[in-house]
Amino acid sequence: MSAETESRQNEIEKQNASACPVIQAIDQIGTPWRMNIIYALREGEKRFNELKRATGARSKTLSDALDELVDNDIVARRMEEDAPVAVYYGLTAKGEGLLDVLDELDEWAQDWGEKVPEGLNQRIHEA
């Protein structure tokens, strides 16, 4: 990254940080993959492959998104050492606190957003 690009990026991050806490919150959950994971975990813990099937994500994409959510304390990672080793992912209290907010955002999107074309994943609207 060039010095000019890095300087501009730092300036944008500084402005965003001072703009409001909403920007910081969106930065933590703001990708479609992260939101799909949060949605998939609303019913309880899931293993990696269960999340992969539930979200349709590729392994690398899912792994990266889970790492971000774990780093932001939205998702907890639990490992059982018994053979075979099992890794479970579940929402933390912080993650569960997002569910009502995401439901409100879903309502807003249904009222004001574009309609989801027929045949696309409409899992949020079926909840």
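Worth saying up front: this structure is predicted, and the values here are computed from it rather than measured. (Residues numbered from 1 in each chain as written. Predicted model: local features only at pLDDT ≥ 70, side-chain atom pairs only at ≥ 80, totals over all residues. Heavy atoms only, no water.)

### Some remarks on the overall build of the chain
1) Next: Of regular secondary structure, the chain possesses six helices and three strands.
2) Next: For the chain, the proportion of its 127 residues judged to be buried stands at 25%.
3) Next: Within the chain, contacts between residues separated by at least 24 positions form 46% of all contacts whose residues are at least 6 apart in sequence.
4) Next: Counting only carbon and sulfur atoms, one obtains 50% of the accessible surface of the chain, whose full area is about 9,200 Å². (Helix = DSSP H or I, 4+ residues; strand = E, 2+ residues; numbered from the N terminus. Buried < 20%, exposed > 50% of the residue type's maximum accessible area, 1.4 Å probe, protein only. Contact = heavy atoms within 4.5 Å. Areas by Shrake-Rupley, 256 points an atom, 1.4 Å probe, with all protein chains shown as cover.)

### What about the nonpolar core?
1) Next: Membership of the largest hydrophobic core comes to 19 residues, with the highest contact counts inside it found for Ile 38 and Val 75.
2) Next: When residues of this core are traced back to their parent elements, those giving at least two are α3 (32–40), α5 (59–71), β3 (86–91) and α6 (93–112).
3) Next: Here the element with the most residues in this core is α5; it accounts for four residues. (Core = buried A, V, L, I, M, F, W, Y, C linked by side-chain atoms within 4.5 Å.)

### Quick notes on the pattern of salt bridges
1) Next: Taken as a whole and judged by the stated rule, the model has six salt bridges.
2) Next: Taking the shortest distance from any N to any O, the salt bridge between Glu 11 and Arg 8 comes out at 3.1 Å. Taken together, the residues Glu 11 and Arg 8, both in helix α1 (residues 3–19) and three residues apart, mark about one turn of the helix.
3) Next: Overall, Glu 11 belongs to the partly exposed group, its relative accessible area being 39%.
4) Next: Overall, Arg 8 belongs to the partly exposed group, its relative accessible area being 43%.
5) Next: With a shortest N-O distance of 2.8 Å, Glu 80 and Arg 78 are connected by a salt bridge.
6) Next: Classification of Glu 80 by relative accessible area gives partly exposed; the value is 30%.
7) Next: In this structure, a network of salt bridges that share partners links the residues Glu 45, Arg 78 and Glu 80. (Salt bridge = Lys/Arg side-chain N within 4 Å of Asp/Glu carboxyl O.)

### Some points on the pairing of β3
1) Next: Counting buried positions along β3 gives six out of six residues, so the element sits mostly inside the fold.
2) Next: Neither face of β3 is open: one carries Ala 86, Tyr 88 and Gly 90, the other Val 87, Tyr 89 and Leu 91, and all of them are buried.
3) Next: Both strand β1 (residues 46–47) and β3 contribute to a ladder of two bridges, which runs antiparallel. Following the sheet pairing, Lys 46 is matched in β3 by Tyr 89.
4) Next: Pairing analysis gives six bridges linking strand β2 (residues 75–80) to β3, with the strands arranged antiparallel. Within the sheet, the bridge partner assigned to Val 75 lies in β3 and is Leu 91.
5) Next: Here β2 hands over to β3 after five residues, the two strands then running antiparallel side by side. (Pairing = 2+ DSSP bridges.)

### Quick word on the sheet that holds β1
By definition, the strands of a sheet pair up through backbone hydrogen bonds, in either a parallel or an antiparallel sense.
1) Next: Taken together, the three strands give an open sheet; going across it, the order is β1-β3-β2, and neighbouring strands pair in antiparallel fashion. Two strands lie at the open edges of the sheet, namely β1 and β2, each paired on one side alone.

### Some thoughts on the confidence of the model for the chain
1) Next: The share of residues in the chain with pLDDT of 70 or more is 83%, and the mean pLDDT across the chain is 83.
2) Next: Confidence over residues 122–127 falls short of pLDDT 50; this stretch has twelve contacts with residues more than four positions distant or in other chains. (pLDDT = per-residue confidence, 0-100.)

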